[in-house]
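Each chain, letter by letter, is given below.
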Amino acid sequence: MSVDLDTVRRVAELARLQFQESELASLAAEMNQILSLVDQLASADVTCVLPLTHPGDPQASLRLDVAEPAQDPQTLQQLAPQTSQGYYLVPRVLE
Amino acid sequence: MSLSPVSANAPWQPVIGLEVHVQLSTASKLFSRSATAYGAEANSQANVVDLAFPGVLPVPNRRAIEMALAFGLAINAQIARVSQFARKNYFYPDLPKGYQISQFEQPIVGAGSLRVRMEDATELSVPIVRAHLEEDAGKSLHDAFHGSTALDLNRAGVPLIEVVTAPALRSSTEAVAYLRTLHTLVRFLGICDGNMQEGSFRCDANVSVHKPGTPLGTRAEIKNVNSFRFVEKAIDYEIERQIRLLEGGGTVIQETRLYDAARDETRSMRSKENSDDYRYFPDPDLPPIVVTDADLERIRASLPELPEPRRQRYESQLGLSQQDAAMLAGDKAASDYFESALKLAPEQAKPIANWMQGELKAALNAQELDWSTCRLPAASLVALLARIADGSLSNKQARTAFEALWAGDYAHVEAAIAGLGLQQINDTSALSAIIDAVIAQFPEQVRGYQAGNDKLLMFLVGQAMKASKGQGNPQQLNQLLQQRLG
Amino acid sequence: MSALDLPLRDLRAALASGQTHAESLYLEARERAAASAELNALLHTCAAPDLSRSGVLAGIPFVHKDNFLHAGEATTCGSNMLRNFVAPFDATVSARLRESGALCLGKANMDEFAMGSSNEHSAFGPARNPWDLTRVPGGSSGGSAALVAAGVVPFATGSDTGGSIRQPAAFCGVSGLKPSYGRVSRFGLVAYASSLDCPGVLARRAADIAEVLQVVAGHDPADATSAEQPVPDYCAALSSSVHGLRIGIPDAFFGAGIDPQVAELTMAALRQLEAMGAKLVPLAFPEAVLAIPSYYVIATAEASSNLSRFDGVRYGHRCADPKSLNDLYRRSRTEGFGAEVKRRIMLGTFALSAGYFDAYYLRALKVRRQISDAMQRMLSSVDVLAGPTAPTIAFKLGEKLSDPVAMYAADINTVAVNLAGLPALSLPCGLLDAMPVGLQLIGQRFAEARLLQVAHQYQQLTDWHARRPPTAAASTGVRP
């Protein structure tokens, strides 16, 4: 499997990452190198094998439905790049 | 693939599927302990987990899962004994993690159905494909700050179940009937407050049209309509729009549209990423949810009597009219009120229903109250009806007492009766004394009645009522007068 | 010998008896940290801690890998993205260590967001190996390993997703434990790959690791993947003999990529254990060949999703003057993340994307099950598995940077353990060209006590763990 520049561009957009056109070729080359390592997976016979998503196959431990007291938004918003009157701000989105 | 030719005049068949986001009325969020109360100060119910700080982890809310299971049982659905949360990945500022925790391949509730009673009393069984748990997103305010979109993440993480029907509805009428039935059901189950203004119950409609016998048309999705009336109008508009488009030789684009209530039209949404690749995968932070038979039995045993069996019981066992039964079973608060009154006076089902449909409903409407804030406790209604039944109050007197109780002038029925002097006079000798006085007072009318003018009896009864300050038992007065005067 | 170099048990006794004081111990650790500045292993020194706290680890200084949130202190994860981020809450590991009285000296350098095997992918410069400053300390817990090896602190925390505790432990000549998945809470550990990440401990002795593991292990209601398995007494088990211990030796761990001299030193260590009464059992492990591809698909896929939260909105780096929402996202993320992180996000996003999901992600999860099943099968016939932790000694700075695939391939002996969620420990077992070599022991799930016991017994009869790098010798005065 190898990726072309268009695929790299599409993946970059999905990941909200920006690459210069000049970087794209070397990025594609690196990805292809890694993909040829990863393509070894194709050689495995995985018929009737269930995927393993959680090692140890645990069950979820659940939480009782009890609410904690309200937060002071200020405490966490000290770390925010841009806030106003208790809201987080981003450039205006058109809907 | 149909072999018979489709006539150009064959009617267009609308095909509608509905997705409803039901906000669960848990105390805390689906994956964090933040409170879920509506209307809190911006970002005061958003903790580090909701805000997706580095290092935080989701822990599922047991009650939310139980509510989803209750819903599944109520629609006779297949319940997944093992279900899995999945990540739906996309970037939007109301989604702090950059992914929504939802369910994809293994939803907790599978295929079920909801029986819907139409206004003409026919029944429709609407197939529900699945209902899955997912977290709600925060709120974006686009016009509050110039040049910016403001984010309030209080709603981010509130539990939802998304209920998806098959594309089996054929008209806006069917769609609204289904939505009303679903709305009543979730309120009856106590899993959702059903407040559409506050966004507790949000409807998306997938609408397409086709000619029967041909493949289904391309569908458009109308998002986030927050009233039944608007759903009906939006669907009707969209059906019209698609038909006009197709008959004009155009094609329907698969897209998301918004309903504009002011203009009564649907509009294409601009910037939402319709073609995003969500890259669903099982959430590695959340091991599977396992549901045992014992869990299901416990939840099944805790389910309240559901609206449809309740309605049937009211009609067949209690003898209520179709209309009364439907009204009472269709509103949880009304039904609760009815049931508590019934508990105190099981033989009074019809009078209770009549008073609820009559005097109480009028009083509630006049003050824009609902059954949960009814000013006359069920016990008082029952006491009032008992007084009518034993003859100590006439219907008219009871209404007078009711008005005073409703206004808060008296706390109890007894106090109202005493305070207003409403005791009905049933005692024959007392009534006879009143009649004697009336006969003596109106000799002309007495002679007139005895001469054959029946109408004058009503006059005499009226006068007797007046003389008794309205407390005389009118039926008895009538009877006694007839006896006395021949 | 300074109290700071004592085994933890003895150090605790010295503090309890008043022979040593928490204050002077802490100051000495600070001095040693300053003297080791050339290692570039410490990113941030914590504010003076509460020295009056009591508890089982009271007064004992440690360093915390910089991907654990420690309330009130910087947490950068070695990244520009979090250059100015101050943790508003404690990771569960941080809270438990705080409760125990242990004193956080500072935050250790690491590969950015734990993605790397050399600590060269840090936005704050590489950390260096105290045994040879021209070589890497390993990664991603490079700073943690370097500081323990240099004698600055008796123990450090680390995280291990594909070998990130064990490999730096091997490269720096210290002991490092990756517990079973779910044994130690991940709450407050900045996520790299959620189904693979394990918080763990590095120290000079297995016995010291046991003391610390006792404090941090155990169920945490804030982590839904945390195990309810009861926590045994790790110290009580240490003194059992290894007589009769069955040590499985999978052939794949001695494959073509392993330096023959590393292999020889490892075998010598295993023969030492044999002399102590253990039995060596050769095993076949053909499934191992797919461990690297499976690991890199799963880890990068999970990482690509976990790192989506870094968007310049609620914390972390934001680009200057964003023109639109997408501009905010793209530039903040592109500026905030380093090249290796971006590479892995790209790979992971690709592996999950429509059309490739089945061939990559889903298939990798199935191969994962095969590898995990194979390891369970092997561990049903023996007590532990063993082999060299890393294929070589620590390589030179810059040597592998231009070849990411070569870097990934070097994880060959460690990643299978993470795929299976098993516990594993690396302990020093020799020197090659004056650089440490590590022996890896792998156990069944929740068999940490067994691993610590074997390592401790080995360390009773050998002194590889007591060797000090030349640089540390200068500061502690102990001859290598």
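You'll find the structure just up there.
Conventions and cut-offs
Residues numbered from 1 in each chain as written. Chains lettered and ligands numbered in written order. Predicted model: local features only at pLDDT ≥ 70, side-chain atom pairs only at ≥ 80, totals over all residues. Heavy atoms only, no water. Contact = heavy atoms within 4.5 Å. Buried area = accessible area lost by both parts, 1.4 Å probe. Salt bridge = Lys/Arg side-chain N within 4 Å of Asp/Glu carboxyl O. Polar contact = N/O pair within 3.5 Å; in protein donor to acceptor, adjacent residues only side chain to side chain. Helix = DSSP H or I, 4+ residues; strand = E, 2+ residues; numbered from the N terminus. Buried < 20%, exposed > 50% of the residue type's maximum accessible area, 1.4 Å probe, protein only. Core = buried A, V, L, I, M, F, W, Y, C linked by side-chain atoms within 4.5 Å. Axes fitted to C-alpha atoms, helices over the stretch in contact; angles between N-to-C directions. Parallel < 35°, antiparallel > 145°, perpendicular 65-115°, else oblique. Left-handed = near helix turned anticlockwise from the far one by under 90°. Nonpolar A, V, L, I, M, F, W, Y, C, P; charged D, E, K, R; others polar. Pairing = 2+ DSSP bridges.

Peer 1: For this particular structure, what's the right way to read the interface of chain B and chain A?
Peer 2: In many analyses, interface size is given as the accessible surface area lost on bringing the parts together. Taken together, the contacts link 55 residues of chain B with 34 residues of chain A. Of the roughly 3900 Å² buried at the junction of chain B and chain A (both faces included), carbon and sulfur atoms supply 59%. Taken as a group, Arg33(B), Phe91(B) and Phe145(B) account for 14% of the area that chain B buries against chain A, more than any other trio of residues on that side. For the pair chain B and chain A, the number of links is 2 salt bridges. Between Arg92(A) and Asp143(B) there is a salt bridge; the shortest N-O distance is 2.6 Å. Taken together, the connections running from chain B to chain A amount to 25 residue pairs in polar contact (both at pLDDT 80 or more). Looking at the side of chain B that touches chain A, the elements that each hand over two or more residues are helix 1 (62–74), strand 7 (139–145), strand 8 (148–152) and strand 15 (289–290) of chain B. Here the side of chain B that touches chain A gets 5 residues from one element, more than from any other, and that element is strand 8 of chain B.

Peer 1: Explain the environment of Leu25(C) here, please?
Peer 2: Residues and elements named next belong to chain C. Along the chain, the position of Leu25 falls in helix 2 (residues 22–35). Taking relative accessible area as the criterion, Leu25 reaches 1% and is therefore assigned buried. Expressed as a C-alpha distance, the spacing of Leu25 and Ile60, which sit 35 residues apart in the sequence, is 7.6 Å. Apart from the residues within four sequence positions on either side, Leu25 is in contact with Ala3, Leu4, Leu11, Leu15, Thr20, Gly59 and Pro61.

Peer 1: What should I look at first to understand the nonpolar core in this one?
Peer 2: Taken as a class, soluble globular proteins show a tendency for nonpolar side chains to be buried jointly. Residues Phe53(B), Phe113(C), Phe285(C), Phe310(C), Phe337(C), Met346(C) and Met375(C) are the most contacted members of the largest nonpolar core, which totals 108 residues. Counting residues per element, this core draws most heavily on helix 11 (residues 358–381) of chain C, at 10 residues. The contacts of Phe113(C), once residues within four sequence positions are left out, are Cys77(C), Ser79(C), Met81(C), Leu82(C), Val190(C), Tyr192(C), Leu307(C), Phe310(C), Phe337(C) and Val341(C). Of all hydrophobic cores here, the second largest spans 95 residues; its members include Leu105(C), Ala169(C), Leu177(C) and Ile258(C).

Peer 1: Explain the pattern of salt bridges to me, please; I cannot follow it from the model alone.
Peer 2: Side chains that carry opposite charge are capable of pairing whenever their charged atoms lie near each other. Applying the stated criterion across every chain, the model contains 63 salt bridges over all chains. A salt bridge links Asp260(B) to Arg263(B), with the shortest nitrogen-to-oxygen separation between them at 3.8 Å. In this structure, a network of salt bridges that share partners links the residues Glu30(A), Glu340(C), Arg343(C) and Arg344(C).

Peer 1: Hey, could you run me through the side chain of Arg87(B) in this one?
Peer 2: Residue position: Arg87(B) is located in strand 3 (residues 86–89). A relative accessible area of 0% places Arg87(B) in the buried class. Of the polar contacts made by the side chain of Arg87(B), one reaches the side chain of Asp283(B); its length is 3.1 Å. Here the side chain of Arg87(B) touches Ser305(C) through a polar contact of 2.9 Å, side chain to side chain.

Peer 1: Quick question: what am I supposed to make of the packing of helix 6 (residues 322–329) of chain B against helix 8 (residues 349–366) of chain B here?
Peer 2: The angle between the axes and the distance between the axes are what describe a pair of packed helices. Residue and element names in this part refer to chain B. Viewed as axis vectors pointing N to C, helix 6 and helix 8 meet at an angle of 70°, and their least axial separation amounts to 10 Å. Of the possible angle classes, the one that applies to helix 6 and helix 8 is roughly perpendicular. Between helix 6 and helix 8 the crossing geometry is left-handed. Residue-level contacts link Gln323, Asp324, Met327 and Leu328 of helix 6 to Ala353, Asn354, Met356, Gln357 and Lys361 of helix 8. The residue inventory of the contact of helix 6 with helix 8, partitioned by class, reads 4 nonpolar, 3 polar and 2 charged.

Peer 1: Explain the sheet that holds strand 7 (residues 246–250) of chain C to me, please; I cannot follow it from the model alone.
Peer 2: Residues and elements named next belong to chain C. The strand order across the open sheet built from 11 strands is 1-3-2-4-6-5-10-11-9-7-8, with neighbouring strands paired in mixed fashion. Every other strand in the sheet has two partners, leaving strand 1 (42–45) and strand 8 (279–283) as the edge strands with one partner each. Going across the sheet, the axis of each strand differs from the next one's by a mean of 30°, ignoring polarity. Bridge count between strand 10 (residues 424–432) and strand 11 (residues 435–442): 8 bridges; the pairing is antiparallel. Paired with Ser426 across the two strands is Gln440, which belongs to strand 11.

Peer 1: Sorry if this is basic, but what is going on with the sheet that holds strand 8 of chain B here?
Peer 2: Whether parallel or antiparallel, the strands of a sheet pair through hydrogen bonds between backbone atoms. Across the sheet, 4 strands lie side by side as 1(A)-2(A)-8(B)-7(B); this open sheet has antiparallel pairing. For this open sheet the edge positions go to strand 1 (83–84) of chain A together with strand 7 of chain B, each flanked by a neighbour on one side alone. Bridging between strand 2 (residues 87–91) of chain A and strand 8 of chain B involves 4 bridges; their strand directions are antiparallel. If you follow Val90(A) over to strand 8 of chain B, its bridge partner there is Thr149(B).

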